[in-house]
Every structure is written in C-alpha cells, then in structure tokens.
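Residues per chain, in single letters:
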Amino acid sequence: MIPHNERGDAELFSADPFSRQGTELGRGNAHDQVDTRSPIVLLPGLFAGAWIWKHTQGHLSSRGYQVITIRDPFALLNLGVTPISRLRCYLKEFFNKFNIDRAVLCGNSFGALVALDFAFHFPCRVDALVISGSPGLHSEIKPDLPLPRALTIEHAYAVANLLCYDRSCLTSDRIETTYALLSDRRALITIARALKAARDYDVRCILPHIDCPVSMIWGTHDRVTPVAEWEREIRL
C-alpha cells in the first residue's frame, strides 16, 4: 500500500483498481513451471487493502500458486452510485485484460460480497470461492456507529475496535495509515454508498444459483455480520 502523501488525490479516485499497477502478482517457487491450477485473486475490503492478505499471499505463493492481490481498499475508488455492479465490471475487465479464464476468488467483508456477486453473474469465470464476513443478509445486526461527515482518528480507532475482536492483529500504525488514506471526503462518500449497497443487497436471491465450491470462514465473535445468521441461512 502506497502512503497517502506519495500520490495525488486525482490518482486515487481515477485509477483502474485492477490495472497491473494496482495489483501484486506472484507465483512463488513454481514460476518457471507449467501450472494448470487457476490463479487466486485476493480481493481487498472496503477499508483494508492488500495488506490484510500478506500472510495468506506468502503462504500460497510459496506453494507455487499464482496469487493476485489488489493494492488499495475499495473505498479509494470512484464507484459511482452502484458500487457492486461497478466492481463487477472492473473485475470482468481485469480477467479479460490479463487473459484469466477462471480463478479462485477470495474476499473478506465487502470483498466477500463482491466475490459472491461476481460468481453469480459470471459462473464460468469462477472455480471456487473463499469468503468471510460477507454482508447481504437483511437480518444482520447493524452496528451503532454512524458514519461522520468528517472522519477523525478517534472514529478510525472505534471502527477498528468494532471490526477486530483481537485488536493485537491490527497495529496503531496500520490504523493511522488507513485513516490517512480514507480521510478524504470522496472516500467517505464511497464508503457511505458501498455500505448502503451492501445493506440493500439480498444474497438469499443468489446463493441457490452459485454452483462452484464455496468455503465460508466466519469468526465466532463477528459483531457486524454474525455467523449465526449465516448458519441459519445455510441450513435453510
């Protein structure tokens, strides 16, 4: 992730998130071998970029998988008034541009919803899904943490405390770096639109139509997208 003061706002809100400049690719020790396995695309979240996948990317790359991560959180992108459909188009264009026929999509939180949506609309492009903490159930508990007109560092810490059960996994430096990236007013507008889109999206309509293998990994203490709601939905 590039620090906020090393690039201008215009770049943040106009760059194609799935360009080669916006991605990190690696194949580990098997880069010189013919590998028929599908690449693995690790999607960012609304607030967190590629850094959330650092250990996962290293683990997969060391085993010879081609791994693609998206550098910036979705909040830094200009997603217009239809964030999920815009990201669906971005991702399809990325697959086409770099000749990715099929891939394994991994996403956490908002990224998980993007992965589910893409698998529903383009089933022939997705071999499998690995998702965690996805929104999309209208009965989910909504955290009592309104989005302010201007993001403060105190609010950034409050969001971190809400999202992370084990706060030791998230350093103060990481919170403050993310705060610096997301404090732009346009990022707040994107966040507000994305949160509304996630609240309005009903995954119940698409879950029966997703044919690829799906691994759903949830935290027991998830306070934003409680696992109990998803367990009930899967049983139904």
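Residues numbered from 1 in each chain as written. Predicted model: local features only at pLDDT ≥ 70, side-chain atom pairs only at ≥ 80, totals over all residues. Heavy atoms only, no water.

Enquirer: Quick rundown of the overall build of the protein chain? Include the residues and the values.
Expert: A tally of regular secondary structure across the protein chain gives eight helices and six strands. When the helices and strands of the protein chain are listed from N to C terminus, the series reads α-β-β-α-β-α-β-α-β-α-α-α-β-α. By the burial criterion, 44% of the 236 residues in the protein chain qualify as buried. Pairs at least 24 residues apart make up 75% of the contacts formed inside the protein chain by residues separated by at least 6 positions. Of the roughly 12,200 Å² of accessible surface on the protein chain, a fraction of 53% belongs to carbon and sulfur atoms. (Helix = DSSP H or I, 4+ residues; strand = E, 2+ residues; numbered from the N terminus. Buried < 20%, exposed > 50% of the residue type's maximum accessible area, 1.4 Å probe, protein only. Contact = heavy atoms within 4.5 Å. Areas by Shrake-Rupley, 256 points an atom, 1.4 Å probe, with all protein chains shown as cover.)

Enquirer: Quick rundown of the nonpolar core? Include the residues and the values.
Expert: With 46 residues, the main nonpolar core has Leu43, Phe74, Phe95, Leu105, Phe110 and Leu129 as its most contacted residues. Those elements that place two or more of their residues in this core are strand S3 (67-70), helix H3 (83-97), strand S4 (103-108), helix H4 (110-121), strand S5 (126-132), helix H6 (172-182) and helix H7 (185-200). Counting residues per element, this core draws most heavily on H4, which supplies eight residues. Counting residues in hydrophobic clusters, the runner-up holds eight residues, among them Leu42, Leu60, Val104 and Cys106. (Core = buried A, V, L, I, M, F, W, Y, C linked by side-chain atoms within 4.5 Å.)

Enquirer: How would you explain H7 if you had to name every residue and give the values?
Expert: Over its 16 residues, H7 runs 23 Å from end to end, which matches the ideal 22 Å to within 8%, given 1.5 Å per residue. Taken residue by residue, H7 has Ala187, Leu188, Thr190, Ile191, Ala194, Ala197 and Ala198 as its buried positions. (Expected span 1.5 Å × (residues − 1).)

Enquirer: Describe the pairing of S5, listing the residues and the values that go with them.
Expert: Here six bridges tie S4 to S5, and the two strands are oriented parallel to one another. Across the sheet, the residue bridging to Leu105 is Leu129, located in S5. For the crossover from S4 across H4 to S5, the handedness is right-handed. (Pairing = 2+ DSSP bridges. Right-handed = clockwise from strand over helix to strand, strands pointing away.)

Enquirer: Which residues make up unusual backbone geometry, and what values do they have?
Expert: Positive phi is not limited to glycine here, since Asn99 has a value of about 55°. Turning to its location among the elements, Asn99 is positioned in the loop between H3 and S4. Of note in this structure, Ser109 is not a glycine but carries a positive phi near 60°. Residue placement: Ser109 occurs in the loop between S4 and H4.

Enquirer: For the pairing of S4, give the residues involved together with the corresponding values.
Expert: Of all six residues that make up S4, five are buried, and the element is covered over most of its length. Inspection of the sheet shows strand S2 (residues 40-42) paired to S4 by three bridges, in the parallel sense. Directly across from Leu42, in S4, lies its bridge partner Cys106.

Enquirer: Tell me about the environment of Pro213, and please be specific about residues and values.
Expert: By the secondary structure assignment, Pro213 is in the loop between H7 and strand S6 (214-216). Owing to a relative accessible area of 54%, Pro213 belongs among the exposed residues under this scheme. Taking the C-alpha atoms as reference points, Pro213 and Val130, separated by 83 residues in sequence, lie 8.6 Å from one another. The contact partners of Pro213, leaving out residues within four places of it in the chain, are Asp127, Ala128 and Leu129.

Enquirer: Lay out a nonpolar patch on the surface in plain terms, naming residues and giving numbers.
Expert: On the surface, a cluster of nonpolar side chains totalling about 240 Å² of accessible area is made up of Val214, Met216 and Ile234. Position of Ile234 relative to the elements: it lies in helix H8 (residues 227-235). With relative accessibility at 51%, the residue Ile234 sits in the exposed group. (Patch = residues over 30% accessible without salt bridge, like charges linked within 9 Å, V, L, I, M, F, W, Y side chains within 5 Å. Salt bridge = Lys/Arg side-chain N within 4 Å of Asp/Glu carboxyl O.)

Enquirer: Before we move on, can you summarise the side chain of Asp72 with the specific residues and values?
Expert: One can find Asp72 in the loop between S3 and H3. Judged by its relative accessible area of 11%, Asp72 falls in the buried class. Here the side chain of Asp72 touches Arg71 through a polar contact of 3.3 Å, side chain to side chain. (Polar contact = N/O pair within 3.5 Å; in protein donor to acceptor, adjacent residues only side chain to side chain.)

Enquirer: Break down the confidence of the model for the protein chain for me, citing the residues and quoting the values.
Expert: Here the protein chain shows a mean pLDDT of 77. Residues at 70 or above account for 77%. A low-confidence stretch, residues 1-15 (pLDDT under 50), is modelled with 32 contacts involving residues beyond four sequence positions or located in other chains. Here residues 28-34 is a poorly scored stretch, pLDDT under 50, and it has five contacts once near neighbours within four places are set aside; other chains count. (pLDDT = per-residue confidence, 0-100.)

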